[in-house]
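This is what each chain is made of:
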Amino acid sequence: MSAPSVLYDAPGPKAKARNVGYTIAFLVALAAVIWWVLATMAEKGQLDGEKWSPFVTDGRIWTTFILPGVQNTLIAAGLSILIALPIGALFGILRLSDHVWVRWPSATVVEFFRAVPVLILMFFANEFYFNFTDIASDQRPLYAVVTGLVLYNGSVLAEVVRAGILSLPKGQTEAAQALGLRKTQTMTNVLLPQAVTAMLPAIVSQIVVIVKDTALGGAALGFAELLSRIRPISNNYGQNMIATLVIVAVIFIVLNFIITSAASWLEKWNRQRKKGTGAVVAPGAVDDVATGQAV
Amino acid sequence: MFDFLSEYDVLGAFWVTVQLTFFSAIGSLIWGTILAGMRVSPVPLMRGFAASYINLMRNTPLTLIILACSLGLNQTLGMTLAGQNFEQQNYRLAILGFVAYTATFVCESIRSGINTVPVGQAEAARALGLGFTQVLGIVVLPQAFRSVVGPLASVLIALTKNTTIASTIGVAEASLLMSEMIENESDKIFLVFAIFALGFVILTLPTGLLLGWVAKKAAVKR
């Protein structure tokens with residue numbers, strides 16, 4: 001009989017009894033925490049039916065607050081990824097250039113924007129647009145959020161592109177050279193098309209990071225995305241802060257869970273594919289020590 | 001050109017950032033290790049709890065977690081971590097939020113480290129008659145930790161950058177001071193941005209280099 005894990009033997013009668021004991025002890029501890037939370041919520045009136053029922057009975061809470069919030073979140077995230085991808089591809093390729101005077105400046109730009117917190121970039125972009133452009137003040141937060149996210153994620157995607165191209169077998173470049181292709185032709189006709197499939201899972205999982213970071217714009221710049229809706233909802237529906245937080249969190253989790261599932265499905269599809277080189281850049285593969293992008 | 005700096009406590013703000021990072025890092029390391037232990041434990045309920053906790057936390061924006069700590073736990077449910085002192089209160093709530101979120105990444109790093117320990121190590125430990133806690137605590141985890149210094153350093157650096165999110169609940173760390181300065185000194189926004197960007201580069205770069213070196217030294221040669 002094989003063990004379920006290398007870390008412990010298949011449980012015998014004694015171990016089974018002990019595991020049941022641990023299960024009960026853990027269950028009790030967990031129940032105590034949940035009971036404490038629920039009791040405190042009940043004490044503060046957060047469990048009252050009228051605090052939760054608007055989410056089911058009152059359609060306006062969705063049409064006025066939540067759905068426009070989700071829409072703004074998706075617009076900001078979508079714009080960011082669409083603008084960041086070409087920038088990332090460009091810088092990723094520039095970093096692989098044969099010329100030092102191209103490689104070094106692009107590496108500096110990429111490493112700089114990966115080392116600076118997104119929030120700082122957003123604050124700066126917001127103030128920059130305020131001082132130097134005439135973007136309407138109600139549009140400015142969106143511009144600032146997208147700028148911050150593009151600068152940061154563009155440089156992260158540059159690393160993803162670089163890792164994707166480097167993950168291809170060396171024979172691909174060599175074969176292209178043997179055919180007499182130029183460097184640009186090798187890149188555009190041979191390496192990039194294959195690298196894109198290898199990078200897809202990592203790119204898709206980067207979208208999760210972008211969606212999560214749009215919430216920063218809501219909290220810090222007053223961008224009207226999903227998270228920033230919690231205060232208006234709570235004020236309009238009888239201070240139901242806990243209920244609102246739970247609903248908003250669930251929407252974010254479901255949204256990100258769908259994206260994460262797509263990423264892991266793409267990764268599996270990539271590995272099983274008969275065609276191609278089988279190279280794959282897994283989600284979070286480029287979180288090297290220098291910057292720590294995965295979190 | 002740099003005269004205006006004397007009006008602001010830039011170093012003090014960065015010191016708060018460092019403190020936030022330090023305490024959150026210690027907390028996440030402890031909670032993350034416990035989660036990793038649960039994730040590989042023989043008790044199915046613990047495995048299930050750790051797995052769902054990690055999935056939920058990782059897919060929630062950190063900003064939401066930090067706001068929930070302040071608006072939900074503190075202001076609505078009345079949980080206090082530091083009496084009536086508002087400043088100290090939000091500072092500790094922010095650390096709580098950072099620990100809850102960052103621990104999931106620590107846990108996943110440690111779990112990947114456990115997978116790098118050769119199967120024979122755990123098998124030999126079991127053959128000697130060690131129980132699960134002994135196998136994990138004496139044999140597997142010490143080796144796993146040595147191989148995850150690199151990934152953990154990466155998490156630490158991300159945490160340093162994430163502490164800026166504490167400004168959304170009014171903790172007086174670097175990014176809050178920056179948003180104040182950038183509004184007051186609107187003719188020097190590039191300079192202000194450069195100072196704070198440089199501050200974060202100074203915080204993260206040596207950490208990365210130092211821990212990268214430690215990671216190489218500590219890794220088990222196989």
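This is a predicted model, so every value here is computed, not measured.

A few points about the overall build of chain A
Counting its secondary structure elements, chain A contains eleven helices and zero strands. Computed over the C-alpha atoms, the radius of gyration of chain A is 25 Å, more than 25% above the 19 Å expected from 2.2 N^0.38 for a compact globule of 295 residues. Dimensions along the principal axes, computed over C-alpha positions, put chain A at roughly 75 × 70 × 30 Å. Counting over 295 residues, chain A shows a buried share of 43%. Within chain A, residue pairs in contact and separated by at least 24 positions form 72% of the contacts whose partners lie at least 6 positions apart.

Brief notes about the domain arrangement of chain A
If you check the domain split of chain A, you get domain 1 (1-34) and domain 2 (55-272). Each of domain 1 of chain A and domain 2 of chain A was reduced to a C-alpha centroid, and the two centroids are 41 Å apart.

Some points on the UniProt feature "domain: ABC transmembrane type-1" (unreviewed entry) in chain A
Those places that UniProt annotates as "domain: ABC transmembrane type-1" (unreviewed entry) correspond, in this numbering, to residues 70-259 of chain A. Taken end to end, residues 70-259 of chain A is 83% helix and 0% strand, and its two terminal C-alpha atoms sit 15 Å from one another.

Details of the nonpolar core
Counting residues in hydrophobic clusters, the biggest one holds 142 residues, and the most contacted among them are A:Met122 and B:Ala94. Considering each element in turn, this core owes the most residues, 18 residues, to helix α9 (residues 183-221) of chain A. Counting contributing residues per domain, this core is built from domain 1 (1-34) and domain 2 (55-272) of chain A, each supplying no fewer than three. The contacts of B:Ala94, once residues within four sequence positions are left out, are B:Leu20, B:Ile66, B:Cys69, B:Ala166, B:Ile169 and B:Val171.

Structural notes on the interface of chain A and chain B
Across the boundary between the two partners, chain A contributes 51 residues, which contact 62 residues of chain B. Listed by contribution, the elements that provide at least two residues to the side of chain A that touches chain B are α1 (13-43), α6 (118-132), α9 and α11 (241-272) of chain A. Take the side of chain A that touches chain B: its biggest share by element is ten residues, from α11(A). Considered class by class, the residues forming the side of chain A that touches chain B number 34 nonpolar, eleven polar and six charged.

Regarding helix α6 (residues 132-147) of chain B
Residues spaced three or four apart along an α-helix point in a common direction, a consequence of the helix completing one turn every 3.6 residues. Residue and element names in this part refer to chain B. A maximum bend of about 50 degrees is found in α6 at Val140, where proline Pro142 lies one to four positions downstream. If you check which residues of α6 are buried, you get Phe132, Val135, Leu136, Val140, Ala144 and Ser147. Where the residues of α6 are buried, they touch α1 (10-39), α4 (86-116) and α5 (119-127).

Observations concerning the UniProt feature "transmembrane region" (unreviewed entry) in chain B
Under the UniProt annotation, the feature "transmembrane region" (unreviewed entry) is placed at residues 12-35, 56-73, 93-114, 126-145 and 189-215 of chain B. Taken end to end, residues 126-145 of chain B has its terminal C-alpha atoms 20 Å apart, with 80% of it in helix and 0% in strand.

The rules behind each value
Residues numbered from 1 in each chain as written. Chains lettered and ligands numbered in written order. Predicted model: local features only at pLDDT ≥ 70, side-chain atom pairs only at ≥ 80, totals over all residues. Helix = DSSP H or I, 4+ residues; strand = E, 2+ residues; numbered from the N terminus. Rg over C-alpha atoms; globule rule 2.2 N^0.38 Å. Buried ≥ 20, exposed ≤ 12 C-beta atoms within 10 Å, placed from the backbone. Contact = placed C-beta atoms within 7 Å. Domains from an automatic or database assignment. UniProt positions renumbered as here; feature names shortened; annotations may be inferred. Core = buried A, V, L, I, M, F, W, Y, C linked by C-beta atoms within 7 Å. Nonpolar A, V, L, I, M, F, W, Y, C, P; charged D, E, K, R; others polar. Bend = angle between axes of the 7 residues up to and from the residue.

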